[in-house]
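# Examining the three-dimensional arrangement
One-letter residues, chain by chain:
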Amino acid sequence: MSTTLTAGSTRVLGLIGRVSMYRLVMASLGLLAVFSLVLSFAGLVVPQPLAIVASAVVLTAACALTDLVAQSLLRMPRRLESSLITAGILLFVLRPSAEPMGLAGLALAGVVASASKYVLAWRGRHIFNPAATGATVLTIVSIWAPDLGSSAWWVGSPWLAAPVLVLGVLLLLRTDKLPIVVVFWVVAMVVAFLRTSVQFQAAGFPVDVPSVLLQVAFSSPFLFLGAFMLSEPLTLPPRRVQQYLVAIVVGVLAGWPLPVGEITLGQERALLVGNLLAFLFCLRAAVRLRVERRRDVTPTVRELSFRAARPFSFHPGQYLELDVPHRRPDARGTRREFSIVSAPEDLPEVRIAFKDGSQSSYKRALAAVEPGATLAVTGVWGDFVLPSRPTSRVLLVAAGIGVTPFVSQLRHLVATNQDRDIVLVYVVSEASELAFRDEIAAAGIPVIVFSRDEPRDLPQRWVWAGPDRVDAEALLRTVPDIAQRAAYVSGPPRLISALAPALGKAKSLTTDAFAGY
């Protein structure tokens, strides 16, 4: 997740980071639907207002009822927001209708889309984008029953390009998937331009390059497909290079649809191919963990130790997603991401840490998990890994519990006898919150501590920077050679924002960000 951030972008991240990803997507789709309805009344988009409203009601009912039945049968927690997101995406992908047969087709697509989350799933995670699955099935069925309707992607209107772009960028900043979708968009646009040019030339018409580019860029569904569907973390592979590969494949197939029998491998079918490729990358990522023990690391930080049911691979600095089923989950559901504290050399032992608190249903459920219980890891993700070159000079900046990925990296360096030029800046509210002191000290690296009170008995090469709040000036003062170092920051967006002027001087900046899906 290497991204150079400005102070402005980090402030935006801090603002939208307070909202769960589900709610942010749901709100974005709701705003887009309201805007589309206004455009419909003005006659600027194809669907009629009644068709948009009727379709939204039918899709919401179909998705919500299907999810409710499946969750009841499987004794899973209710996730209404997931239903609303699926319905919202289908509203813009399918052809809205106010006719009985058309509404029946929309209901069919909604049922299939929601059912695919449970039927086409692997170890608790759906394989294919639900909306793309529902749209594809309806398109196939429409071959024999055309009155049921099919996918239309009417969201590809030039009038909707600006709101889709603005809302999409907000979502992509939140999920750190903007570079991935930009690659997809560029590939899809170039391929679509080439396809259109070939068609024009074959028909004997001249190619108006600016006009064709504008049509391809803003009169196509590429923006919506990338921002609201391709970017879904649940159907993307774990590593950034794999995500780029999926983006390129989907971009090529979306830009130049291939005929498959009587249908065309268009937008949603192209995405399904990308989902399948991503699933193959993730195939060995999921595993079950048995709780071995828990311990208090600091007055507010708890550590859980597990034993993995089978070997699995991860890179130091990556994070896992842990599913803790419980009754009445909050809006973010039963899954959360945790940086792995242990090193790959520690397997089959796996350790995570979390800040104590009863503000969420998930944390209360996690705190109640007893030794011997088994939990599911639904995947391992992240590119928050140290530079591959051992001679690269590195700066690590951790705030509180954000130190966990660095502990994994330092344990790995110790286990493999690697000596690297690393400086750690460790920011905590109080000295008592310095977690994993012994494991960090074992790496023998310089550590600069920022805390309100002075820590006692600091290990060798550790120094206290004083009680002042850490900011860009303090960081430059304590790490004067930052321009020669690759910076890694694990902490809240507001910390990155405060340090942005100093971090901008580093050779590169990599941040540890979780999507919150």
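Everything discussed here concerns the structure shown above.
Residues numbered from 1 in each chain as written. Predicted model: local features only at pLDDT ≥ 70, side-chain atom pairs only at ≥ 80, totals over all residues. Heavy atoms only, no water.

### Looking at the overall build of the chain
For the record, the criterion: By definition, any uninterrupted DSSP run of H or I lasting at least four residues is a helix, any uninterrupted run of E lasting at least two residues is a strand, and each is numbered from the N terminus. We take the radius of gyration over the C-alpha atoms and set the globule estimate at 2.2 Å times the residue count to the 0.38 power. Using a 1.4 Å probe on the protein chains alone, a residue whose accessible area is under 20% of its type maximum counts as buried, one over 50% counts as exposed, and one in between counts as partly exposed. Whether two residues are in contact is decided by their heavy atoms: any pair within 4.5 Å suffices. Areas reported here follow the Shrake-Rupley algorithm with a probe of radius 1.4 Å; residue values treat only the protein chains shown as occluding.
When its secondary structure is counted, the chain shows 17 helices and 16 strands. Relative to the globule expectation of 24 Å for 517 residues, the C-alpha radius of gyration of the chain, 25 Å, shows essentially globular dimensions. Based on the C-alpha atoms only, the size of the chain along its principal axes is roughly 75 × 55 × 40 Å. In the chain, which comprises 517 residues, the proportion classed as buried is 56%. Expressed as a percentage of contacts within the chain between residues at least 6 apart in sequence, the contacts between residues at least 24 apart total 72%. Approximately 22300 Å² of the chain is accessible, and the part contributed by carbon and sulfur atoms is 62%.

### Focus on unusual backbone geometry
A cis amide bond links Leu347 to the next residue, Pro348, at an omega of 10 degrees. Of note, Pro348 is situated in the loop between strand 8 (335-339) and strand 9 (349-355). Positive phi, close to 55 degrees, is recorded for Trp153, a residue that is not glycine. Mapping Trp153 onto the fold places it in the loop between helix 6 (130-141) and helix 7 (158-175). Taking the relative accessible area as the measure of exposure, Trp153 reaches 9% and is therefore buried. Here the phi dihedral of Asp457 falls at roughly 55 degrees; this positive angle occurs in a residue that is not glycine.

### Quick look at the packing of helix 11 (residues 240-255) against helix 12 (residues 267-282)
For clarity, the cut-off: For helices, the axis comes from a line fit to the C-alpha atoms of the stretch in contact; other axes are also lines fit to C-alpha atoms, and the angle between any two N-to-C directions lies between 0 and 180 degrees. Angle categories: roughly parallel below 35 degrees, roughly antiparallel above 145, roughly perpendicular from 65 to 115, and oblique for all the rest. We call a crossing left-handed when the near helix sits turned anticlockwise from the far one by less than a right angle, and right-handed when that turn is clockwise. Polar here means any residue outside two lists: the nonpolar Ala, Val, Leu, Ile, Met, Phe, Trp, Tyr, Cys and Pro, and the charged Asp, Glu, Lys and Arg; Gly therefore counts as polar.
Interhelical geometry of helix 11 versus helix 12 gives an angle of 155 degrees and a closest axis separation of 8 Å. As the angle between them shows, helix 11 and helix 12 are arranged roughly antiparallel. Along this stretch, helix 11 crosses helix 12, giving a crossing that reads as right-handed. Between helix 11 and helix 12, the residues in contact are Gln242, Leu245, Val246, Val249, Val250, Leu253 and Ala254 and Gln267, Ala270, Leu271, Val273, Gly274, Leu277, Ala278 and Phe281, respectively. Residues of the contact of helix 11 with helix 12, tallied by class, amount to 12 nonpolar, 3 polar and no charged.

### Some words on a nonpolar patch on the surface
Definition in use: Each patch groups residues whose relative accessible area exceeds 30% and which form no salt bridge, using 9 Å between like charges and 5 Å between nonpolar side chains of Val, Leu, Ile, Met, Phe, Trp and Tyr. For salt bridges, the criterion is a side-chain nitrogen of Lys or Arg within 4 Å of an Asp or Glu carboxyl oxygen.
Taken together, the side chains of Val182, Val186, Val190, Leu194, Val198, Trp256 and Leu258 define a hydrophobic patch exposed on the protein surface, amounting to about 550 Å² of accessible area. Per element, the largest residue contribution to the nonpolar patch is 5 residues, and it comes from helix 8 (residues 178-202). Residue position: Val198 is located in helix 8. You can call Val198 partly exposed: its relative accessible area is 43%.

### Description of helix 4 (residues 80-93)
What counts here: In a helix, the anticipated span is given by 1.5 Å times the number of residues less one.
The terminal C-alpha atoms of helix 4, which comprises 14 residues, lie 20 Å apart, in line with the 20 Å expected from a rise of 1.5 Å per residue. By the criterion of burial, helix 4 is predominantly enclosed, with 12 of the 14 residues buried. Turning to helix 4, its buried residues are Glu81, Ser82, Ser83, Ile85, Thr86, Ala87, Gly88, Ile89, Leu90, Leu91, Phe92 and Val93. The inward-facing, buried residues of helix 4 contact helix 2 (21-41), helix 3 (49-73), helix 5 (100-119), helix 6 and helix 10 (222-230).

### Overview of the packing of helix 10 against helix 11
Between helix 10 and helix 11, the least distance of the axes is 12 Å, while the angle of their chain directions is 145 degrees. Here the hand of the crossing between helix 10 and helix 11 comes out right-handed. Of helix 11, the residues touching helix 10 (which contributes Phe222, Leu225 and Leu230) are Val246, Ala247, Val250, Ala254 and Gly255. Split into classes, the residues belonging to the contact of helix 10 with helix 11 amount to 7 nonpolar, 1 polar and no charged.

### Looking at the sheet that holds strand 13 (residues 447-450)
For sheets, the rule is that strands pair by backbone hydrogen bonds, running either parallel or antiparallel. This is how it is decided: In this scheme, strands are said to pair when DSSP sees at least two bridges between them.
Taken in spatial order, the 6 strands of this open sheet run 14-13-12-11-15-16, and their pairing is parallel. A strand with exactly one partner marks an edge of an open sheet, and here the two such strands are strand 14 (462-464) and strand 16 (508-511). The mean inter-strand angle of the sheet, taken between neighbouring strand axes irrespective of direction, is 15 degrees. Pairing analysis gives 3 bridges linking strand 13 to strand 14, with the strands arranged parallel. If you follow Val447 over to strand 14, its bridge partner there is Trp462. Against the sheet, helix 17 (residues 493-503) engages strand 11 (394-399), strand 15 (486-490) and strand 16, with an angle of about 170 degrees to strand 15.

So far we have only geometry, and geometry alone does not tell us how the molecule works.
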